Structures are given as structure tokens and as C-alpha cells.
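Listed below are the residues making up each chain.
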Amino acid sequence: MSTAEISAADPAPRRLASARGSRFEPFFHTACFVAATTLLATLGAVLVLLAIGGWPAIAKFGVGFLTQNTWDPVADVYGAAGPILDTLLVAALAMAIAMPIAGGVAFFLVELCPPVLRRPIGTAVELLAGIPSIVYGMWGLFVFAPVFAKWVEIPAMSAAPAGSIWATIFQGIPNGTGLLAASIILAFMILPFMAATLRDLLATVPAQVRESAYGLGATTGEVVMKVTLPYVRRGAIGAAMLGLGRALGETMAVTFIIGNSHDFPKGLFDAGSTIASTIANEFNEASGMQASALIALGLVLFLITFAVLALARLMLRNQARL
Amino acid sequence: MALSAARIGRRRAQNALFVGFCILVTTLALTALALILYSLVTQGIGGINLRVFTMSTPAAGSPGGLLNAIVGSIMICALAMVIALVIGILAGTWLAEYAGDGRYGSLIRFLNDVLLSAPSILIGLFVWQILVFPFHGYSGLAGAVALAILAVPVITRTTEDVLKLQPTSLRESAVALGTPFWRVVRSVLWRAASSGIITGALLAFARISGETAPLLFTAFGNQFFSWNMAGSMANLPLVIFNFANSAYPDLNKLAWAGALIVAASVLGVTIVARFISKDAKPS
């Protein structure tokens, strides 16, 4: 149906044109409204069902579920301090690695890149964001882990003097998997998205602002760090928090490479398990109290990520919608 | 004078450091992309042969392919996209055309943005609670619903954005012809915005076709070929996950082949989507 067809459908004033089909209007309006409300209902239902499903575990273990670290399906006792701590630790490490890199890529694309290369490099970064997480996980396990073990973990562990702080930090089994390896893979997963968002934000800075800074004799680095980045400060924080939201909830890439151990990690090379990887690994074999404990873990993850994402959106709201 | 020369020298050095850092990390990111694609292609291509597309997943040690997983993935994703397109386009239309700046509209917009990056494993848990546990069985249908929940926010968002780009004069001229507003939306606005909506749909498809976590407890996987969406269903991401973690090299090889197929289709769809949106921009 095109506009031409609409007029062809009403050739003569046989009938008032405005009457044609106008009684469907309320139905269409309602259908659209219901569809929009589905979004609200879904998010609400996720929260409510996670709370209901996790309630037996929450009621039984109380605050201990968050502060104790026992994950014992045989005795049916669950405390999730380990996975919760690992989730926060891995996400924080991933952010620490990803943020400077994402910033550098965005600054390069906006300020330094020759115009010919801007599009291809921008596209490549976006493609990096599109690679499914399971591919990152596989690559991490089969390609990255052996290299990481041989060239980073083993040298770092043998270089660290016994008894020093470094020996503690680098504790673990040098097989290439573990907390730090998972953080690095995760960092490379979230950085393209953060870089692309930051690049789009920096592109909204008016040319006069940037040019007047250059006109005063500022160097590229000074323009970026003292003028354009502060200009989009709120949005940049929002973009980083969106990345953090993804890092907290990412499942497959982490499950492949974190090593899946419920004990408190002793060092960065030690195995751990995040909330998401614990659910992914155990839920299909779980029943009764263990299933409830896993759903309660899901609730914890939901509340953490919801808070982070909500904050991110509020920060981004006054910037151009990205 | 000497002081200011020293200062200029210091600023130059700082700037060189900054520029060097930017170039270094960009190279690093691009190298990572190249390395991932390189190992995908070199490891995956060796596993791809005719059997991959003609036989179902094997037990360790016997020959087999990925046919059941490919068909399962296509069916689950197709159903998910049908559900998501209906809800997403209508919801996006409501946000763009009916909601205005009202409070409820802002709330939905906000929740949609949150849902856009919600952890996919939680959606899997949620669908397990509403569709798997009550009906005592994993199903392809449950997997499709889980993927649809992930696709809807993407479609809603792009639909709203492209509809808002359409000029008000377009709406006014259609309404002036006496057209009811729902027909203005259907026959004029959706048509004018079609390339944008298609781009959104493709991006949503690219997002869900590689998703693994929400399928773990919903579609579950199936070693055999099946058309039955009411039963558990094989799908590529889960087969990749299981085979990659297996100790058998021939299963690992199939996992790489599957990963190559998934990544190639996701990247292909993303590139097509970009191409369409580039074409659509001038209008």
C-alpha cells in the first residue's frame, strides 16, 4: 500500500473517506499499547519470578547466603560469597583493562585517524562487538589460554620472589585459565562496544569547541583530556557503566575460561566462578534447594546489573540518546 | 625563555606519549580481531565438509555433522524473530507515535534500554520458570521465547528511532487525505521507515543467533534430528559449547566448524545491516 493506492481506493465520494477503517483505530492503538506494556510486564515478571524461585534459599540461609562461602550440594548448604566476589572482581579487572583501551581507540578514531581509515577501522571495531560471546570463550580456551600460560603466568610466577606480595597475587595453577585470563577475554568483549559509544559521543562535541582549543595552541592530548572528554563526561561515564553491566552478566566467555571453582580465589591465576557461570554450569543438574539457591543467585545478579544499567541510562539521558 | 622552551618540550613529550598510546591500543584491538578471525577460519575450515550439513551430531568417535543443530537454530531463531518483530514493531510504534513525552512512555523507554543489556542467562532462568518447569520439559518453543525477549528491545528501539526521523509533514499529508491514523502508520510511516526497521531486525537477529546462555535451560539440545518445537531441540551455540568442552578432538573440530558458521552468519548479517542503513541515510 502506498499513498497512490490510498487515493485509488477512494476514487469517488461514495462514502466518507474518513469513515473507512477508522473503527480499527482503537484496536491498533490498543495493540501498540499492549506490546509496549509487554516490555514492562516482562521485566517485572523476571524480578518477581526470580524472587519467588529463590525464596526458599533466601529464607533458609538469610544474610549468610551473601556472606558465607559454602557451596555444598551434598549437605544442601549454600552461601554464595565466592561467586558474588568473583563476579565483582572479574568485572572490575575487565573494566580496568578495557577502559583505557576503549578510550584510546575512540580518541584515535576521532582525533588522529586519517579520514581514509576512519570508516574501515570503525567498522572493524563494530564487528569485534558483534562476535558471539561463545566464540570469544572458545578462542580464549583453545588459543589464548596456552599462550597466556606460557608467556605470562609461568614467567610471572617464577619471577615473583617467594613470600612477597607478588607471589600472593600470582598464586594459582599456571594453566592459562583463571580469574585474570577471564578478565582479559571479558575486557576484549566489552571494549569494542564501549569504544564505539565513546566515539559517537565525542563526535557530538561541536567543532568550534574543539577548534578553539586547538587555536589556543593545545596539543591533541590536551584537547582530548581537557576539552572534549570533559564535554561528554556524563555520557562517557554512562557508556563505561553500560560496559560494566555487560561484564557483570556475561556468561559463556567467562564460563569457558574461569576454571569453575567455588573456593575463594587465592590469587589472580587461580580458578573462580562468577554468578553467571555458576548458574550456567549447575542449573540443569540442580533440583530442590540447589535450584532455589541458583535462582537466588540470579536475583542477586539481576539487582546488581539493574542498578548499574539504570544508573548508566540516567547518566546517558541528558546526552544524545545512544 | 628557557623555562617556556622546557615547558613546550614537556607538553610535546606528553602529547607524543598520548598519541603513541592511542595508536598502540588501536593496533592491539585490531590485532585481537584479526587473531580471532584467523583462528576461527583456520580451525573451522578444516572441520567443514559435506557431512557437517548432511548428518546429525555424532557420539564421540563416530562420523557426524551439525545438521540437527543448524536446522534447530534456524527454526528457533525464526520463531523468535516472528514473535519479536510483532511485539517490537508495535511497541516501537507506540513509543514513537502514541506515547509522546508522557511519564508511562518514558518509563517504557527506560526499561527497554535496561532490557537491551540485561544478562541473557537471567532471561533463560526466567523462561525456564514460566515455560519449562510448569510443562515438565525443555522445548524449542521455550528457547524461541527466550531469544525473542532478547530481540524485542533492539527492534523496539530502532523502530522508535526511525519512526521519529520521519517528517511530520508526511503524517500530516496522509491524515489530510482522510486516512485513519492506523493506516497512516501501516501504509505510510512503516513503508518510509522500512529500511531502518529491517536494519533493526537484522541487528536483533545477529544478536540472538549467537546467544548460548538463554538456550541452556530452555531448548536444552538434542542429539537427534527433530522438527518438533514442543520437545528439546538441538541448536548450534549449545552444540559448540558442549563439543568445545569435550575431550575428543573430532568433537572439538566440529565445535570450531560450528563456531565458524555462527560467526560468519552473524558478521554477514551485521555487514548487510550496515549496508542497508547506509543506503537509507539520505532519505
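Residues numbered from 1 in each chain as written. Chains lettered and ligands numbered in written order. Predicted model: local features only at pLDDT ≥ 70, side-chain atom pairs only at ≥ 80, totals over all residues.

1. Remarks on the environment of Phe107 of chain A
Then comes step 1: Structurally, Phe107 of chain A can be placed in helix α4 (residues 81–112).
Then comes step 2: You can call Phe107 of chain A buried: it has 29 C-beta atoms within 10 Å.
Then comes step 3: The residues contacting Phe107 of chain A, other than those within four sequence positions of it, are Leu112 and Val224 of chain A together with Cys22 of chain B. (Helix = DSSP H or I, 4+ residues; strand = E, 2+ residues; numbered from the N terminus. Buried ≥ 20, exposed ≤ 12 C-beta atoms within 10 Å, placed from the backbone. Contact = placed C-beta atoms within 7 Å.)

2. Details of the packing of helix α6 (residues 133–159) of chain A against helix α8 (residues 179–202) of chain A
All names here are of chain A.
Then comes step 1: Look at α6 against α8: their axes get within 10 Å of each other, and the N-to-C directions meet at 135°. Between α6 and α8, the interaxial angle falls into the category oblique. Remark: the crossing between α6 and α8 carries right-handed chirality. In this structure, α6 contributes Ser133, Tyr136, Gly140, Phe144, Ala145 and Phe148 to the contact, and α8 contributes Ala181, Ile185 and Met189. (Axes fitted to C-alpha atoms, helices over the stretch in contact; angles between N-to-C directions. Parallel < 35°, antiparallel > 145°, perpendicular 65-115°, else oblique. Left-handed = near helix turned anticlockwise from the far one by under 90°.)

3. Comments concerning helix α4 (residues 103–116) of chain B
Then comes step 1: In a regular helix each residue adds 1.5 Å, so 14 residues correspond to 20 Å; α4 of chain B covers 20 Å between its end C-alpha atoms and thus fits that length.
Then comes step 2: Looking at α4 of chain B, one finds that the buried residues are Ile108, Leu111, Asn112, Asp113 and Leu115 of chain B.
Then comes step 3: Lining the buried residues of α4 of chain B we find α2 (25–61) and α14 (288–317) of chain A together with α3 (67–98) and α6 (140–165) of chain B. (Expected span 1.5 Å × (residues − 1).)

4. Notes on the domain arrangement of chain B
Note: interface size is frequently given as the accessible area lost on complex formation between the parts.
Residues and elements named next belong to chain B.
Then comes step 1: Once the domains are mapped, chain B shows domain 1 (2–47) and domain 2 (52–280).
Then comes step 2: The centre of domain 1, based on its C-alpha atoms, is set 35 Å off from the matching centre of domain 2.
Then comes step 3: Listed per partner, the contact involves seven residues of domain 1 and eight residues of domain 2.
Then comes step 4: A per-class count over the side of domain 1 that touches domain 2 returns three nonpolar, four polar and no charged. (Domains from an automatic or database assignment. Nonpolar A, V, L, I, M, F, W, Y, C, P; charged D, E, K, R; others polar.)

5. Considering the nonpolar core
Then comes step 1: Counting residues in each nonpolar core, the largest one holds 198 residues, and the members touching the most others are Ile185 and Leu186 of chain A together with Ala151, Ile240 and Ala259 of chain B.
Then comes step 2: Counting only domains with at least three residues in this core, you end up with domain 1 (2–47) and domain 2 (52–280) of chain B.
Then comes step 3: Apart from residues no more than four positions distant in its own chain, Ile240 of chain B is found in contact with Ile134 and Met138 of chain A together with Ala255, Gly258, Ala259 and Val262 of chain B. (Core = buried A, V, L, I, M, F, W, Y, C linked by C-beta atoms within 7 Å.)

6. What about the interface of chain A and chain B?
Then comes step 1: With 73 residues of chain A at the contact, the number on the chain B side is 73 residues.
Then comes step 2: Per-element accounting of the side of chain A that touches chain B gives the leading share, 17 residues, to α2 of chain A.
Then comes step 3: Looking at the side of chain A that touches chain B residue by residue, the classes come out as 49 nonpolar, 21 polar and three charged.

7. Examining the environment of Ala35 of chain A
Then comes step 1: You can see Ala35 of chain A is positioned in helix α2.
Then comes step 2: For Ala35 of chain A, the residues in contact, after removing those within four places along its chain, are Ile87, Leu90, Ala91 and Trp94 of chain B.

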